[in-house]
Amino acid sequence: TQLLEQSPQFLSIQEGENLTVYCNSSSVFSSLQWYRQEPGEGPVLLVTVVTGGEVKKLKRLTFQFGDARKDSSLHITAAQPGDTGLYLCAGERNSGGSNYKLTFGKGTLLTVNP
Amino acid sequence: EPEVTQTPSHQVTQMGQEVILRCVPISNHLYFYWYRQILGQKVEFLVSFYNNEISEKSEIFDDQFSVERPDGSNFTLKIRSTKLEDSAMYFCASSLYGTGYFGPGTRLTVL
């Protein structure tokens, strides 16, 4: 069983602060995706990282994939109240066939207070 | 921007009834998935579908569940005899390869 552990589970910060959330596993993934989910809605894809050591930036969000492709981090600079939401990481393991099943972590619930 | 759509957004049913959840994946995508999320829990994989057949299914996807792509656009999940524990958000997703795009979900409530 592949597990993705996300930490912290909850994070409450003030507007303007920086933060990092983590996604760790003992398994290797062919890629890792970060999603943001609002209450009652589906996960919205933020980024996909594929190569070990890869860093991708999306405005104030920086995503990194670990060298061994077992872990990832999401760093937000100067957080804003609009960043509030549930951040999910999901690992993808292509078995070589036609399956791209995602294994999700439980998520980090971020609250940014004005 | 193309998106995955799902209907209905909410479905309330009595235990033992059959329900069909519908999805329209992104048009040029090849892989289709159903996931579910029980309230307060993580998103769980149910089934993947490719080339008109199931690629993989989880232990959750038992004989009560079935999927179908009846035409070139729709992708459905049928639960034959719903149980209370089937109450959850059900998400359809599709991908060309790799990256999956999720629909907004159907909230299923079994009474």
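Scroll up to find the structure.
This is a predicted model, so every value here is computed, not measured. Each chain carries its own residue numbering, running from 1 in the direction its sequence is written. By the order in which they are written, chains take letters starting at A while ligands take numbers starting at 1. A pLDDT threshold of at least 70 governs which residues receive local features in this predicted model, and a stricter bar of 80 or more applies before side-chain atom pairs are shown or counted, although totals over entire chains, interfaces and linings include all residues. To obtain the side-chain values, all non-hydrogen atoms of the structure were used and water was disregarded.

Here we take up the overall build of chain B. Secondary structure elements follow DSSP: runs of H or I of four or more residues count as helices, runs of E of two or more count as strands, with numbering from the N terminus. Scanning chain B for helices and strands turns up 0 helices and 11 strands. Each helix and strand of chain B, placed in order from N terminus to C terminus, yields the pattern β-β-β-β-β-β-β-β-β-β-β. We take the radius of gyration over the C-alpha atoms and set the globule estimate at 2.2 Å times the residue count to the 0.38 power. On C-alpha atoms alone, chain B measures out to a radius of gyration of 13 Å, which is about the 13 Å that the 2.2 N^0.38 rule sets for 111 residues. Taken over 111 residues, chain B has a buried fraction of 47%. A separation threshold of at least 6 residues defines the contact pool for chain B, and within that pool the share at least 24 residues apart is 53%. Here the accessible surface of atoms and residues is derived via Shrake-Rupley with a 1.4 Å probe, and residues count as covered only by protein chains that are part of the display. Working note: accessible area of chain B is about 5,700 Å², and carbon and sulfur atoms make up 47% of it. The positive count covers Lys and Arg only, the negative count covers Asp and Glu only, and His and the chain ends enter neither. Charged side chains are reduced to one point each, which is NZ for Lys, CZ for Arg, CG for Asp and CD for Glu. Placing the 9 positive and 13 negative side-chain charges of chain B at their respective mean positions leaves the two points 3 Å apart. Working definition: with a 1.4 Å probe on protein chains only, accessible area under 20% of the residue-type maximum means buried, over 50% means exposed, and in between means partly exposed. In what follows, a contact means two residues having at least one pair of non-hydrogen atoms within 4.5 Å.

Glancing now at the overall build of chain A. When you go through chain A residue by residue, the secondary structure sums to 0 helices and 11 strands. Along the chain direction, N to C, the helices and strands of chain A fall in the order β-β-β-β-β-β-β-β-β-β-β. Overall, chain A is about 45 × 30 × 20 Å in size when its C-alpha atoms are taken along their principal axes. By the burial criterion, 46% of the 114 residues in chain A qualify as buried. Only carbon and sulfur atoms are counted for the fraction: they give 50% of the accessible area of chain A, which is about 5,400 Å². Charged side chains of chain A number 10 positive and 10 negative; the gap between the two group centres comes to 7 Å.

In this section: the nonpolar core. Residues grouped as a nonpolar core are buried Ala, Val, Leu, Ile, Met, Phe, Trp, Tyr and Cys residues, joined through side-chain atoms within 4.5 Å. Core analysis: the largest hydrophobic core is formed by 22 residues, its most contacted members being Trp34, Leu46, Phe61, Val67, Phe75, Leu77 and Tyr90 of chain B. One finds Leu32, Ile76, Cys89 and Val112 of chain A within the second-largest nonpolar core, a separate group that totals 20 residues.

This next bit is on the interface of chain B and chain A. The interface of chain B with chain A comprises 22 residues on the first partner and 20 residues on the second. What makes a salt bridge here is a side-chain nitrogen of Lys or Arg within 4 Å of a carboxyl oxygen of Asp or Glu, nothing more. Put simply, chain B and chain A have 1 salt bridge between them. Lys101 of chain A is the partner of Glu56 of chain B in a salt bridge, and the nearest nitrogen-oxygen pair spans 3.0 Å. Counted as a polar contact is a pair of N or O atoms within 3.5 Å, where, for protein atoms, one must be capable of donating a hydrogen and the other of accepting one, and residues adjacent in sequence contribute only when both atoms are in side chains. If you look at where chain B meets chain A, you find 5 residue pairs in polar contact (both at pLDDT 80 or more). At the level of secondary structure, the elements contributing two or more residues to the side of chain B that touches chain A comprise β4 (31-37), β5 (44-50), β6 (53-57), β9 (88-95) and β10 (101-102) of chain B.

Further remarks concern the sheet that holds strand β1 (residues 5-7) of chain A. Residue and element names in this part refer to chain A. Strand pairing is defined by DSSP finding a minimum of two bridges between the two strands. The antiparallel open sheet is built from 5 strands, whose spatial order is β1-β3-β8-β7-β6. What marks the edges here is a single partner per strand, and that holds for β1 and β6 (55-58). With direction set aside, neighbouring strand axes in the sheet form an average angle of 15°. Bridge count between β6 and strand β7 (residues 61-65): 4 bridges; the pairing is antiparallel. Bridge pairing in β7 links Lys57 to Thr62. Interaxial angles span 0 to 180 degrees and are taken between N-to-C directions of axes, which are lines fitted to C-alpha atoms, for helices over the stretch in contact.

This part is about the state of the cysteines. All names here are of chain B. Disulfide assignment relies on a single distance test, namely cysteine sulfur atoms paired within 2.5 Å. A full pass over the atoms with the stated rule returns 2 disulfides over all chains. What pairs with Cys23 in a disulfide is Cys92, and their sulfur atoms sit 1.9 Å apart. Sign of the S-S torsion, about -60° for the bond between Cys23 and Cys92, identifies this disulfide as left-handed. A residue pair is termed long-range when its members are at least 10 positions apart, and Cys23 in strand β3 (residues 19-24) and Cys92 in strand β9 qualify at 69 residues. Judged by relative accessible area, which is 0%, Cys92 ranks as buried.

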